Amino acid sequence: LRRAAHRRGGHPAAGQPAVEGVHLIQIRERDLDGGRLTRLVTACVNAVRGTRARVLVNNRFDVAVAAGAHGVHLRADSFPASRVRACAPPGFLIGRSVHSVSDAVHAALKIQEACHAATDFQLRIGIHLGEVVFENEDIFGDGVNIASRIQTMAQPGCIYVSETVQQNISNNPG
């Protein structure tokens, strides 16, 4: 597989995990110049072609589009996702880092606003503050389990939060 990925212009470090079931590969190389980063991302996109894996580029929308990546992950202090969405190709994934409960709630509100603009798409969102554990290809822990249960209780188009989140955001003005 590594040779096959390399022959079709792919990056072997991305191709093997993609074949083994990894669904998301995030390129986080802030020290590479635009040209080298674009070549790396292009190689990774080529390596995952034909798999379910998607390649995201950290905070470089220009490189993501130029290299044919599937999306971009924006830092919390980066430009608004709405600016990226306005220029992004159809189906382009946009992620954003959040570092507080209020940031997560604000992001959920923005997501719901975008979903309401598309009348045929209603999303349920559940938010809980708790431990999240990443192990192999699994994500689990109190934060994931409770948020999952909360979102199933939410009406389509609504955001439900746990009591922990409610207490946290009610103590923070803004």
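The coordinates are above.
The notes below deal with the structure included here. (Residues numbered from 1 in each chain as written. Predicted model: local features only at pLDDT ≥ 70, side-chain atom pairs only at ≥ 80, totals over all residues. Heavy atoms only, no water.)

1. Focus on the packing of aromatic side chains
To keep it simple, the criterion reads: Two rings from Phe, Tyr or Trp (for Trp, the six-membered ring) form a pair when their centres sit within 6.5 Å of each other. Planes less than 30 degrees apart are called stacked, planes more than 60 degrees apart edge-to-face, and all others tilted. A run of H or I in DSSP counts as a helix once it spans at least four residues, and a run of E counts as a strand once it spans at least two, with each numbered from the N terminus. Relative accessibility under 20% of the residue-type maximum defines a buried residue, over 50% an exposed one, and the middle range a partly exposed one, all with a 1.4 Å probe and only protein chains included.
One pass over the full model with this rule turns up one aromatic pair. An angle of 85 degrees between the planes, with centres 5.5 Å apart, marks the rings of Phe61 and Phe92 as edge-to-face. Of this pair, Phe61 sits in helix H4 (residues 61–67) while Phe92 sits in the loop between helix H5 (81–87) and strand E4 (93–96); the two residues are 31 residues apart in sequence, bridging distant segments of the chain. On the basis of relative accessibility, which here comes to 16%, the residue Phe61 falls in the buried class. Overall, Phe92 belongs to the buried group, its relative accessible area being 4%.

2. Brief notes about the nonpolar core
How we decide: Only buried Ala, Val, Leu, Ile, Met, Phe, Trp, Tyr and Cys residues count toward a nonpolar core, and they belong to the same one when joined by side-chain atoms within 4.5 Å. In what follows, residue pairs with any heavy atoms lying within 4.5 Å of each other are defined as contacts.
Within the largest apolar cluster, 25 residues are counted, with the highest numbers of intra-cluster contacts made by Ile27, Leu37, Val41 and Val55. Element by element, the count of residues in this core is highest for helix H3 (residues 34–48), at seven residues. Residues within four places of Val55 in sequence aside, it is in contact with Ile25, Ile27, Val41, Cys44, Val45, Val48, Ala69, His70 and Gly71.

3. Some thoughts on unusual backbone geometry
Of all residues except glycine, most have a negative phi; of all peptide bonds, most are trans. Backbone geometry places Asn59, a non-glycine residue, at a positive phi of 60 degrees. Exposure remark for Asn59: the relative accessible area of 14% places this residue in the buried category.

4. A few points about the sheet that holds strand E3 (residues 71–74)
Where we set the bar: Strands pair, by our definition, only if DSSP identifies at least two bridges between them. Geometry is summarised by axes, namely lines fitted to C-alpha atoms with helices restricted to the contacting stretch, and by angles between N-to-C directions that run from 0 to 180 degrees.
Across the sheet, four strands lie side by side as E1-E2-E3-E4; this open sheet has parallel pairing. Looking along the sheet, the strands with just one partner apiece sit at the ends: strand E1 (24–27) and E4. Direction aside, neighbouring strands of the sheet carry axes that sit 25 degrees apart on average. In this fold H3 packs onto E1 and strand E2 (54–58), with an angle of close to 165 degrees to the strand it touches most, E2.

5. Describing the side chain of His73
As for its placement among the helices and strands, His73 is situated in strand E3. With residues up to four places along the chain from it excluded, the contact list for His73 reads Gln26, Val57, Asn58, Asn59, Gly95, Arg96 and Ser97.

6. Points about the environment of His70
Put simply, the rule reads: We define a polar contact as two N or O atoms separated by no more than 3.5 Å, with the added condition that, inside protein, one atom must be a possible hydrogen donor and the other a possible acceptor, whereas residues neighbouring each other in sequence contribute only through side-chain atom pairs.
Locating His70 in the fold gives a position in the loop between H4 and E3. Note on His70: relative accessible area 21%, which makes it partly exposed. Separated by 15 residues in the primary sequence, His70 and Val55 have C-alpha atoms spaced 5.3 Å apart. If we ignore the near neighbours within four places in the chain, the residues touching His70 are Val48, Ala53, Arg54, Val55, Leu56, Gly91, Phe92 and Leu93. For His70, the side chain forms a polar contact with the main-chain nitrogen of Val55, separated by 2.8 Å.

7. Topic: the side chain of Gln112
Inspection of the secondary structure puts Gln112 in helix H6 (residues 101–117). The exposure class of Gln112 is buried, given its relative accessible area of 4%. A polar contact is formed between the side chain of Gln112 and the backbone oxygen of Cys158, at a distance of 3.0 Å. Look past the residues within four positions of Gln112 in its chain and what remains in contact with it is Leu123, Ile125, Gly157, Cys158 and Ile159.

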